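What the coordinates show
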Amino acid sequence: MNRVKKMMKAREAGSLLFLVLLILLVGLVNKDFWQPASLLNCLNDSVVFTLLAVGIAFVILTGEIDVSIGATLGMSAAVGATILRDGGSVVTAVLAAVFVGAVIGLVNG
């Protein structure tokens, strides 16, 4: 019981409670939300943002701050999409996007 009280006092408890309420509200408004395919789509769509959050967590844990992560993601995605649009291969587009993101990260770091 003491552990539950500690958890409810933590700052993260408010965010967790909001997330649970949001999921329940969406489920009440749209019954199709609870279908396995819909839940799987939600998880698949959040993979990129989860990876970004894990990466920025390391920066924040070291006491630094980096607000350029969204711009770096956008630039990398634009480079990859431009290569694909112009007829390049998927491998080339992915490698170019990773390279651009790494270079921007090194310059910012």
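Position numbers for residues start from 1 in each chain and track the written sequence from start to end. Selection of residues for local features in this predicted model requires a pLDDT of at least 70, selection of side-chain atom pairs for listing and counting requires 80 or more, and totals for whole chains, interfaces and linings are taken over all residues. Computation of side-chain values covers all heavy atoms of the structure but excludes hydrogens and water.

1. As for the overall build of the protein chain
We count a stretch as a helix when DSSP gives it H or I for four or more residues in a row; a strand needs E for two or more, and each element gets its number in order from the N terminus. Scanning the protein chain from terminus to terminus reveals 6 helices and 0 strands. Considered along the principal axes of its C-alpha atoms, the protein chain spans approximately 55 × 40 × 15 Å. Between buried and exposed lies partly exposed: a residue is buried under 20% and exposed over 50% of the maximum accessible area for its type, with that area taken using a 1.4 Å probe on protein chains only. Split into buried and exposed, the 109 residues of the protein chain put 12% on the buried side. In what follows, a contact means two residues having at least one pair of non-hydrogen atoms within 4.5 Å. Of the contacts made within the protein chain by residues no fewer than 6 positions apart, 25% connect residues no fewer than 24 positions apart.

2. Things to note about a nonpolar patch on the surface
Patch definition: residues above 30% relative accessible area lacking any salt bridge, with like charges linked at up to 9 Å and the nonpolar side chains Val, Leu, Ile, Met, Phe, Trp and Tyr linked at up to 5 Å. Each accessible area is a Shrake-Rupley estimate made with a 1.4 Å probe; only the visible protein chains count as cover when residues are assessed. For this document, the term salt bridge refers to a Lys or Arg side-chain nitrogen within 4 Å of an Asp or Glu carboxyl oxygen. Side chains of Leu-16, Leu-17, Leu-19, Val-20, Leu-21, Ile-23, Leu-24, Trp-34 and Leu-39 sit close together on the surface and give an oily, nonpolar patch of about 790 Å² of accessible area. Looking at which element gives the most residues to the nonpolar patch, the answer is helix α2 (residues 11-29), with 7 residues. Among the secondary structure elements, Leu-19 is positioned in helix α2.

3. Some details on the pattern of salt bridges
Once the charged atoms of two side chains with opposite charge are near each other, the side chains can pair. Counting across every chain of the model gives 1 salt bridge. Arg-85 is paired through a salt bridge with Asp-86; the nearest N and O atoms lie 3.2 Å apart.

4. Here's the deal with the packing of aromatic side chains
Any two rings among Phe, Tyr and Trp, with Trp reduced to its six-membered ring, count as a pair given centres within 6.5 Å; such a pair is stacked if its planes are under 30 degrees apart, edge-to-face if over 60, and tilted if neither. All told, the structure shown has 1 aromatic pair when counted by the stated rule. Here Phe-33 and Trp-34 contribute two aromatic rings whose centre-to-centre distance is 5.4 Å and whose plane-to-plane angle is 75°, an arrangement assigned as edge-to-face. By relative accessible area, which is 14% here, Phe-33 ends up buried. We classify Trp-34 as partly exposed; its relative accessible area is 42%.

Honestly, it's all geometry; don't read function into it.
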